Amino acid sequence: MVIFSSSIVYMGAIVATVVLATCFQNLIINVKKKNNLYRNIFINIIIVIITMPLVVLSGMRGDNVGVDTYNYINIFEMAGKYTNFGDFYKVRGEEEFLYSLFTYVIRKFTNSRFLYLGGLQFFALAPIVKVAIDESDEVPLWKTIFIYTCWYFTDSLNAMRQFIAVAFLLMMYKKFICKEYKKGVICLLIASGFHTSAMLIGPIIILICYLFVSTKVIFFFKHVILILCFSIISFGQNIIVYIFELGFMPSRWVLYINTFIFQNSRLTERWRILTEGHYFELMIRGAIFLSFVFFCSNLKNHKRDVGMYKYMFLLNILIYAAGIIVYHTAYAVRMSVYFDAFIIYLFPVLDEIFRLKINIQEKRIPVFSLIITILYFYIHSILIGSGGAVPYVLN
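How each quantity is defined
Residues numbered from 1 in each chain as written. Predicted model: local features only at pLDDT ≥ 70, side-chain atom pairs only at ≥ 80, totals over all residues. Heavy atoms only, no water. Helix = DSSP H or I, 4+ residues; strand = E, 2+ residues; numbered from the N terminus. Buried < 20%, exposed > 50% of the residue type's maximum accessible area, 1.4 Å probe, protein only. Contact = heavy atoms within 4.5 Å. Areas by Shrake-Rupley, 256 points an atom, 1.4 Å probe, with all protein chains shown as cover. Polar contact = N/O pair within 3.5 Å; in protein donor to acceptor, adjacent residues only side chain to side chain. Phe/Tyr/Trp six-rings, centres within 6.5 Å; stacked < 30°, edge-to-face > 60°. Lys NZ or Arg CZ within 6 Å of the ring centre and 35° of its normal. Axes fitted to C-alpha atoms, helices over the stretch in contact; angles between N-to-C directions. Parallel < 35°, antiparallel > 145°, perpendicular 65-115°, else oblique. Left-handed = near helix turned anticlockwise from the far one by under 90°. Nonpolar A, V, L, I, M, F, W, Y, C, P; charged D, E, K, R; others polar. Core = buried A, V, L, I, M, F, W, Y, C linked by side-chain atoms within 4.5 Å. Salt bridge = Lys/Arg side-chain N within 4 Å of Asp/Glu carboxyl O.

S.K.: Even after reading the chapter, I still don't get the overall build of the protein, so can you show me in this structure?
M.R.: Looking only at helices and strands, the protein has 19 helices and zero strands in total. Relative to its full complement of 395 residues, the protein shows a buried share of 56%. Contacts in the protein between residues far apart in sequence, at least 24 positions, make up 76% of those at least 6 positions apart. For the protein, the accessible surface area stands at approximately 18,100 Å², while carbon and sulfur atoms represent 66% of it.

Rendered as structure tokens:
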């Protein structure tokens, strides 16, 4: 009964969001054709409306919905005890600046947990909706939003700061692809302001974008550089520790880069327990990647950069697998989620592949992604209860 009621609550909010996105689809396409101030204002209003069901659901949740929700609430309450932001920021160990500033400002104006938790969720969703709007000429708005929310919404109730960073890095990627480099750098800085790990992964995403957009980088070197990226993230802990000791890196960064050195730590057993539930996620991602590799030759001339999405997902799987199977560190999953979120670009390509395979003429039918996404949502979010989002209870 608990599982059923929680699934109804979450899926109801996701469906409401998808319905709103569907209602605005044609209107957004027409508005995007206009080049004036009112276009941006109108699109921002639409973003607020589309995100509202999930923002409200997030704001209304109890302390035990999401493993870290209780800690977020404690930080929020702590902010009210300080008369100036500087003192609060120092007490928090100079934690991510924008997150600390957001928490402090909200707490000074109100003690509403609803506004605080809902506000964090809005920042985790709004960039995704903006990316979906930008992609809506090629991929239906509802589809991008449906894929992302089913895969990550319940997890974002736990790791709220990181999923804000994930959202802004996805937007950063879009800006760099469109050669809007200044906006891309701003997105990277905002992401890092909520979670420092974004400053580690952001440049790697930019590098991968360059590798597959540039025709000057030959095929062999693309693979070599990708292997180096994985090696730096995975095994470069000695270099990272050395840089940290020189004073050029916040202490929290060591925790996120030093992904694979917990095997001799007293925390080993804890990480092993935390990662036992991730084998299903690893298997389904492996199946998606193999499907992509097996069928992607059908879309050699696809205008999307198939190779880029493939290697983003491959890097994700490698980090995921090494962290879970070999070293049992939950932080490997934290690192890989930045690449994992590129599934919102990968799935439309796979849908196109399967549509051609089974000869469906309607391009907007999500042949592959709908089935996999619903299956993943039910097992990952409801049955496994990843991130502690089940059962859903009101505050």
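Read on, since the account is not over.
S.K.: What is the right way to read the environment of Asp137 from this model?
M.R.: Within the fold, Asp137 resides in the loop between α6 (113-135) and α7 (141-156). The spacing of Asp137 and Ile28 is 109 residues in sequence and 9.6 Å in space, taken between C-alpha atoms. Residues in contact with Asp137, not counting those within four places in the same chain, are Ile29 and Lys32.

S.K.: Could you clarify how one ought to interpret the side chain of Thr17 in this entry?
M.R.: Positionally, Thr17 belongs in helix α1 (residues 2-32). By relative accessible area, which is 2% here, Thr17 ends up buried. A polar side-chain atom of Thr17 sits 2.9 Å from the main-chain carbonyl oxygen of Ala13. In this structure Thr17 touches Ile50, Pro53, Leu54 and Ile145, once residues within four positions along its chain are discounted.

S.K.: Would you explain the packing of aromatic side chains in this entry?
M.R.: Two numbers describe a pair of aromatic rings. These are the distance of the centres and the angle of the planes. For the structure shown, the criterion picks out 24 aromatic pairs. Here the aromatic rings of Phe85 and Tyr89 are separated by 5.5 Å at their centres, their planes lie at 20°, and the arrangement is stacked. Here Phe85 and its partner Tyr89 are both found in helix α4 (residues 85-91), four residues apart, which amounts to about one turn of the helix. Comparing Phe85 with Tyr89 shows no difference in burial state: the two are buried. Ring pairing ties together the aromatic residues Phe76, Phe102, Tyr116, Phe122, Phe123 and Phe194, which thus form one cluster. Arg107 extends its terminal NZ or CZ atom over the ring of Phe76, reaching a point 5.6 Å from the ring centre. Across from the ring centre of Tyr99, 5.5 Å away, lies the NZ or CZ of Arg161, which sits over that ring.

S.K.: Looking at this structure, how should I read the side chain of Asp340?
M.R.: With respect to the helices and strands, Asp340 occurs in helix α17 (residues 330-340). Judged by relative accessible area, which is 2%, Asp340 ranks as buried. Only 2.6 Å separates the side chain of Asp340 from the side chain of Arg285, close enough to count as a polar contact. Ignoring any residue separated from it by four or fewer positions in sequence, one finds Asp340 in contact with Trp151, Tyr152, Arg285, Phe313 and Asn316.

S.K.: Mind showing me how you'd approach the packing of α7 against helix α19 (residues 369-383) here?
M.R.: Each pair of packed helices can be described by the angle between their axes along with the distance between the axes. Contact geometry of α7 with α19 gives a least axis separation of 9 Å together with a crossing angle of 15°. The pairing of α7 with α19 is recorded here as roughly parallel in orientation. The two elements α7 and α19 cross, and the hand of that crossing is left-handed. Contacts from Lys143, Phe146, Ile147, Cys150, Trp151, Thr154 and Asp155 in α7 reach Ser369, Leu370, Ile372, Thr373, Ile374, Tyr376, Phe377, His380 and Ser381 in α19. Tallied by class, residues from the contact of α7 with α19 come to nine nonpolar, five polar and two charged.

S.K.: Teacher, can you tell me more about the nonpolar core here?
M.R.: One recurring pattern in soluble globular proteins is that nonpolar side chains are buried together. Formed by 80 residues in total, the largest nonpolar core has its most connected members in Trp151, Ile205 and Ile288. When residues of this core are assigned to their parent elements, the largest contribution, 13 residues, is made by helix α8 (residues 160-177). Not counting residues within four places of it along the chain, the set of residues in contact with Trp151 comprises Ile284, Arg285, Ile288, Asp340, Ile343, Phe347, Ile372, Thr373, Tyr376 and His380. Residues Tyr10, Val18, Phe377 and Ile382 belong to the second largest nonpolar core, which totals 16 residues.

S.K.: Can you walk me through the pattern of salt bridges in this structure?
M.R.: A side chain with one charge can pair with a side chain of the opposite charge if their charged atoms come near. Applying the stated criterion across every chain, the model contains eight salt bridges. One salt bridge connects Lys183 with Glu180, and the closest N-O pair in it is separated by 3.7 Å. For Lys183, a relative accessible area of 48% translates into the label partly exposed. The partner of Arg285 in a salt bridge is Asp340, and the shortest N-O contact between them spans 2.6 Å. Of this pair, Arg285 sits in helix α15 (residues 279-295) while Asp340 sits in helix α17; the two residues are 55 residues apart in sequence, bridging distant segments of the chain. Through salt bridges with shared partners, a single network forms among Lys175, Glu180 and Lys183.

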